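# Summary of structural features
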Amino acid sequence: MSLRGTVVLLLLLCLSQLIFAADSIREARSKGKRLGSRVDKNISVHKGKFIIKDKAKCSWVARGEDIYTMTVRCKPRNEDGFSCKYTAKPSTCTEYGSNPKGYWKQIGRSVAIQKTLCADARALIRTGMCKRAPLAAHFKLTEISQEKPPTEKTPTTTSTKLQCTERTDHSEVAKEMCGDSWASLCAFVFTIVQSGDC
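These numbers come from a predicted model, not from an experiment.

Turning our eyes to something else, we now look at helix H3 (residues 100-113). In a regular helix each residue adds 1.5 Å, so 14 residues correspond to 20 Å; H3 covers 20 Å between its end C-alpha atoms and thus fits that length. Taken together, the buried positions of H3 are occupied by Gly102, Tyr103, Trp104, Ile107, Gly108, Ser110 and Val111. Tucked inside the fold, the buried residues of H3 contact strand S1 (44-51), strand S2 (57-64), strand S3 (68-75), helix H2 (94-98), strand S5 (124-125) and strand S6 (139-144).

Below is the structure:
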């Protein structure tokens, strides 16, 4: 066998090992995600749907135990949608403890009539039952996916792109699977083969 044939054979062997390792890592990650969702049984979820005045269909989902994060998503007919997140600590409102169902019903109404939804950080989503409660009991805007929602009359809006914050170092796996001499090439190929957001 020639030197070229040996190199090609070793490269193919290394690639097959990398693909196998990538599948193993993906499988381990998905198992981890499934396990994570099983552990979160204490987190309660409340949700609702509504339509705002420009006929955009919106939905909200609030998740949490003590501190709740509410995600609001709206999709106008012929435009890109927008979303944002609000946070609150309903337990600081004494009436919440005696009537949590009524609290979430009022939150649903309050979100639906909010005039500056996902636009004004000063505007709180409040409930009537918690008028005298501390500010933490009311939902405050914490994250916006667009600079301005399409409900305002602006020429264009820009949405922020998600950036990959997790960079995986494949050098250890490459050394283990391919040996020291092929580690850099295998790490490069492994990075290319890896699927996902990163």
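More follows now that the structure is in view.
Turning next to the confidence of the model for the protein chain. Looking at the protein chain, pLDDT values average 76 and 75% of them are 70 or higher. Of all secondary-structure elements in the protein chain, the lowest mean pLDDT belongs to helix H1 (residues 3-39), at 66, while S2 reaches the highest, 92. The model gives residues 35-39 a pLDDT under 50, and that stretch makes 0 contacts with residues more than four places away or in other chains. Scored below 50 in pLDDT, residues 147-165 makes 23 contacts in the model with residues more than four places away or belonging to other chains.

The next thing to look at is the side chain of threonine 127. Looking at the element boundaries, threonine 127 is found in the loop between S5 and S6. When near neighbours in sequence (up to four residues on either side) are disregarded, threonine 127 contacts Tyr103, Gln106, Ile107 and His138.

The subject of this paragraph is a nonpolar patch on the surface. There is a patch of nonpolar side chains on the surface, built from Leu11, Leu185, Phe188 and Ile192 and spanning about 360 Å² of accessible area. Element by element, the count of residues in the nonpolar patch is highest for helix H5 (residues 183-193), at 3 residues. Secondary-structure assignment places leucine 11 in helix H1. By relative accessible area, leucine 11 is classed as partly exposed at 31%.

Thresholds applied
- Residues numbered from 1 in each chain as written.
- Predicted model: local features only at pLDDT ≥ 70, side-chain atom pairs only at ≥ 80, totals over all residues.
- Heavy atoms only, no water.
- Helix = DSSP H or I, 4+ residues; strand = E, 2+ residues; numbered from the N terminus.
- Expected span 1.5 Å × (residues − 1).
- Buried < 20%, exposed > 50% of the residue type's maximum accessible area, 1.4 Å probe, protein only.
- Contact = heavy atoms within 4.5 Å.
- pLDDT = per-residue confidence, 0-100.
- Patch = residues over 30% accessible without salt bridge, like charges linked within 9 Å, V, L, I, M, F, W, Y side chains within 5 Å.
- Areas by Shrake-Rupley, 256 points an atom, 1.4 Å probe, with all protein chains shown as cover.
- Salt bridge = Lys/Arg side-chain N within 4 Å of Asp/Glu carboxyl O.

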